Amino acid sequence: DGGITQSPKYLFRKEGQNVTLSCEQNLNHDAMYWYRQDPGQGLRLIYYSQIVNDFQKGDIAEGYSVSREKKESFPLTVTSAQKNPTAFYLCASSRGTGAWGELFFGEGSRLTVL
Amino acid sequence: GQQLNQSPQSMFIQEGEDVSMNCTSSSIFNTWLWYKQEPGEGPVLLIALYKAGELTSNGRLTAQFGITRKDSFLNISASIPSDVGIYFCAGQAGGSQGNLIFGKGTKLSVKP
């Protein structure tokens, strides 16, 4: 079945360590996104990518980095520069033109910093 | 920046009751979307609205794109226990896909 796969589902990290969250999609979607979700909050955009080898900062990009070397993959690195990294991270994709807002989400990765 | 005000923040209802929630904005949007998120999972798209005044149904769910383009509502009729979750509205002003704005969600609890 087509969909988006995020891994790991749960991740613990010590302060000062970088960590990379994986996101893979087999929907043949052009656009991919990373959102951060905190309790009682809406989803906040970290980074997005419209095409391979191109990505744009979202509202809260500081302390994060991404790459888009393949259409199917959009990994997110949470760096040690991110001051409050404990959160639920959601990856999403969309078809593109005419349906940018119709997002398909993965199941999320919950990162806890110890 | 643009913000969406989603209300109510939470709802506790009896099975079989109808539910209504809404989102408002001070800015105009070209697209309104409604998503549902169950615990520990990613949101799932319920309904997408693309025209002012549009009324769209998906089973027991009905959503409308407000005439002013600054609001949208979602109704759920005859609620059932599996309707439990957090419902998010999202609005998009157009242009770059990076400007999809999410509301903070309405948490729905259904008592059997």
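See the structure printed just above.
Here's a quick rundown of the structure. (Residues numbered from 1 in each chain as written. Chains lettered and ligands numbered in written order. Predicted model: local features only at pLDDT ≥ 70, side-chain atom pairs only at ≥ 80, totals over all residues. Heavy atoms only, no water.)

1. Notes on unusual backbone geometry
All names here are of chain A.
- Ser7 connects to Pro8 through a cis peptide bond whose omega is -10°.
- Within the fold, Pro8 resides in the loop between β1 (4-7) and β2 (10-13).
- Phi is positive for Asn28, close to 60°, though the residue is something other than glycine.
- In the Ramachandran plot, Asn53 falls in the positive-phi region, its phi being about 65° despite a non-glycine side chain.
- With respect to the element layout, Asn53 can be found in the loop between β5 (43-49) and β6 (56-57).
- Residue Asn53 is classed as exposed on the basis of its relative accessible area, which comes to 62%. (Helix = DSSP H or I, 4+ residues; strand = E, 2+ residues; numbered from the N terminus. Buried < 20%, exposed > 50% of the residue type's maximum accessible area, 1.4 Å probe, protein only.)

2. So, the sheet that holds strand β3 (residues 19-25) of chain A
Residues and elements named next belong to chain A.
- On the basis of which strands lie adjacent, the open sheet formed by four strands has the order β1-β3-β8-β7 and antiparallel pairing. Edge positions in the sheet fall to β1 and β7 (64-66), since each of these pairs with one other strand and no more. Averaged over all adjacent pairs, the angle separating strand axes in this sheet is 20°, with direction ignored.
- Note: β1 against β3, four bridges, orientation antiparallel. Of the residues in β3, the one forming a bridge with Thr5 is Glu24. (Pairing = 2+ DSSP bridges. Axes fitted to C-alpha atoms, helices over the stretch in contact; angles between N-to-C directions.)

3. Remarks on the sheet that holds strand β7 (residues 61-65) of chain B
All names here are of chain B.
- A sheet is described by the order of its strands in space; here five strands give the open sequence β1-β3-β8-β7-β6, paired in antiparallel fashion. Lying at the two open borders of the sheet, with one neighbouring strand each, are β1 (4-7) and β6 (55-58). Each adjacent strand pair in this sheet contributes to an overall mean axis angle of 15°, direction not counted.
- Bridge count between strand β3 (residues 19-25) and strand β8 (residues 71-76): six bridges; the pairing is antiparallel.

4. Re the interface of chain B and chain A
- At the junction of the two partners, chain B supplies 20 residues and chain A supplies 23 residues.
- Carbon and sulfur atoms supply 53% of the area buried between chain B and chain A, which totals about 1,700 Å² over both sides.
- Inspection of the region where chain B meets chain A yields zero salt bridges.
- Contributions of two or more residues to the side of chain B that touches chain A are made by β4 (31-37), β5 (44-49), β9 (85-92) and β10 (100-102) of chain B.
- Its residues assigned to classes, the side of chain B that touches chain A shows nine nonpolar, nine polar and two charged. (Contact = heavy atoms within 4.5 Å. Buried area = accessible area lost by both parts, 1.4 Å probe. Salt bridge = Lys/Arg side-chain N within 4 Å of Asp/Glu carboxyl O. Nonpolar A, V, L, I, M, F, W, Y, C, P; charged D, E, K, R; others polar.)

5. Section: the packing of aromatic side chains
- Enumeration according to the criterion identifies 10 aromatic pairs over all chains in this entry.
- Summarising the aromatic geometry, the rings of Tyr35 of chain A and Phe105 of chain A are spaced 6.0 Å apart at their centres and angled 50° between planes, so their arrangement reads as tilted. You can see Tyr35 of chain A sitting in strand β4 (residues 31-37) and its partner Phe105 of chain A sitting in strand β10 (residues 104-105), a full 70 residues away along the chain. Across the pair, exposure class does not vary: Tyr35 of chain A and Phe105 of chain A are buried alike.
- Here the aromatic rings of Phe29 of chain B and Trp32 of chain B are separated by 5.1 Å at their centres, their planes lie at 70°, and the arrangement is edge-to-face. Accessibility assignment for this pair places Phe29 of chain B and Trp32 of chain B in one class, buried.
- Counting every residue linked through ring pairs, the aromatic cluster contains Tyr33, Tyr35, Tyr48 and Phe105 of chain A together with Tyr35 and Phe102 of chain B. (Phe/Tyr/Trp six-rings, centres within 6.5 Å; stacked < 30°, edge-to-face > 60°.)

6. Topic: the pattern of salt bridges
- By the definition in use, this model includes seven salt bridges over all chains.
- Here Arg60 of chain B and Asp83 of chain B are joined by a salt bridge, their closest N and O atoms 2.8 Å apart. Highlighted residues: Arg60 of chain B in the loop between β6 and β7 and Asp83 of chain B in the loop between β8 and β9, separated in sequence by 23 residues.
- On the accessibility criterion, Arg60 of chain B (28% relative accessible area) is partly exposed.
- Using a relative accessible area of 5% as the deciding quantity, one classes Asp83 of chain B as buried.
- Through salt bridges with shared partners, a single ionic network connects Arg36, Asp38 and Arg44 of chain A.

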